[in-house]
2 protein chains.
Amino acid sequence: MNSDERWFPSHLRELGTAECLKLLAAHQVGMVAYCDDQGPVVLPVNYALDHGCVLIQISPHSTLARCLRATPASFQLDEFDDYTRTGWSVLVRGDAAYVESADLPTDDDRPHTWAEGQRTLHVRITPRDISGRRLLPV
Amino acid sequence: MNSDERWFPSHLRELGTAECLKLLAAHQVGMVAYCDDQGPVVLPVNYALDHGCVLIQISPHSTLARCLRATPASFQLDEFDDYTRTGWSVLVRGDAAYVESADLPTDDDRPHTWAEGQRTLHVRITPRDISGRRLLPV
């Protein structure tokens, strides 16, 4: 991503991959995004960071499951504060693929979903590119 | 969107369009999403709600400007609380297009960007579909 793509051209610091991964490791909800024939879809999901990949757990019968079978997908995470007008954002661009049970981490390291439901399908988003930015106070 | 697409299958309430628009009207930062040849891109932007459309203000020389010239685009907004494990999310799916100066609302009703920079290009995302969900406490 070029410097001219910054959405906040000033008071902005690019984040390194290590800092992006640290932010990803410290949170539990983010946005998974994929493209269908009508454009991008962006939906919140619980996730876990698994060896540098984003692991999510969804219903095997959902449209999300159908769309994330093997496709380019992104994962986005952010926090902004209306009062201080500061915040940060991380974008993981990569590819989504189903994960076999044998390839899953132990229970503790899997995503912990916040609501009940039959979410037995795990999908891994393997990053091709990780970028992030922090908007600093003036 | 079908009920099986719900990311939180339980304790979840679908939001009506009016409530989605109310949430959109009450916030200042959201995520604009578009698709390029490598999949979805999701970036934070300041925005304003203008007659039911999402209005953003960006640099005319940015990749974002090039990609949002006339394309399917989405706008996403959410708030989640790690402690209570509750929150809400709104997704606007629609089409992005440049806005001529003559079609802009008055200054007060334009997006107020949080950082300095030359953002003279306005883009309007006209909704085709607005959906939202609220995750309620158990």
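Remember, predicted model here, so these are calculated numbers, not experimental data.

Conventions we followed
- By convention here, each chain's residues receive numbers from 1 onward along its written sequence.
- Here every chain gets a letter starting at A, and every ligand a number starting at 1, in the order they are written.
- Local features are withheld for residues below a pLDDT of 70 in this predicted model, meaning they are given only at 70 or higher, and side-chain atom pairs are given and counted only at 80 or more; totals for whole chains, interfaces and linings count all residues.
- Hydrogens and waters are ignored; side-chain quantities use all the structure's heavy atoms.
- The pLDDT value expresses, per residue, how confident the predictor is, ranging between 0 and 100.
- The term salt bridge refers to a pairing of a side-chain nitrogen on Lys or Arg with a carboxyl oxygen on Asp or Glu at a separation within 4 Å.
- Helix and strand assignments come from DSSP, with helices taken as H or I runs of at least 4 residues and strands as E runs of at least 2, each series counted from the N terminus.
- Buried, partly exposed and exposed residues are distinguished by accessible area as a fraction of the type maximum, computed with a 1.4 Å probe on protein chains only: under 20%, between the cut-offs, and over 50%, respectively.
- Starting at the helix axis, one direction is taken to each C-beta atom, and the arc is that of these directions.
- Contact criterion: two residues are considered in contact whenever any of their non-hydrogen atoms come within 4.5 Å of each other.

Novice: Go over the confidence of the model for chain A, please, and point to the residues and values.
Specialist: The predicted model of chain A has a mean per-residue pLDDT of 88, with 90% of residues at 70 or higher. Reported confidence for the predicted complex is 0.89 by ipTM and 0.89 by pTM.

Novice: Could you give an account of the pattern of salt bridges, with specific residues and numbers?
Specialist: When charged atoms on two side chains of opposite charge get close, those side chains can pair. Residues and elements named next belong to chain A. The final tally for this structure, using the stated rule, is 14 salt bridges over all chains. The closest approach of N and O atoms between E14 and R133, which form a salt bridge, is 3.7 Å. Highlighted residues: E14 in strand β1 (residues 12-15) and R133 in strand β7 (residues 121-135), separated in sequence by 119 residues. Assessed through its relative accessible area of 3%, R133 is described here as buried. One salt-bridge network, held together by shared partners, links R13, E19 and R134.

Novice: So what's going on with helix α1 (residues 17-25) of chain A? Residues and values would help.
Specialist: The α-helix advances 3.6 residues per turn, and as a result positions three or four apart in sequence lie on the same side. Residue and element names in this part refer to chain A. Along α1, the positions that sit buried rather than exposed are C20, L23 and L24. Taken down its axis, α1 places every buried residue within 100° of arc, on the same side. Exposed positions of α1 whose direction lies more than 90 degrees from the buried face are A18, K22 and A25. If you follow the buried residues of α1, they end up packed against β1, β3 (39-50), β5 (70-81), β6 (86-98) and β7.

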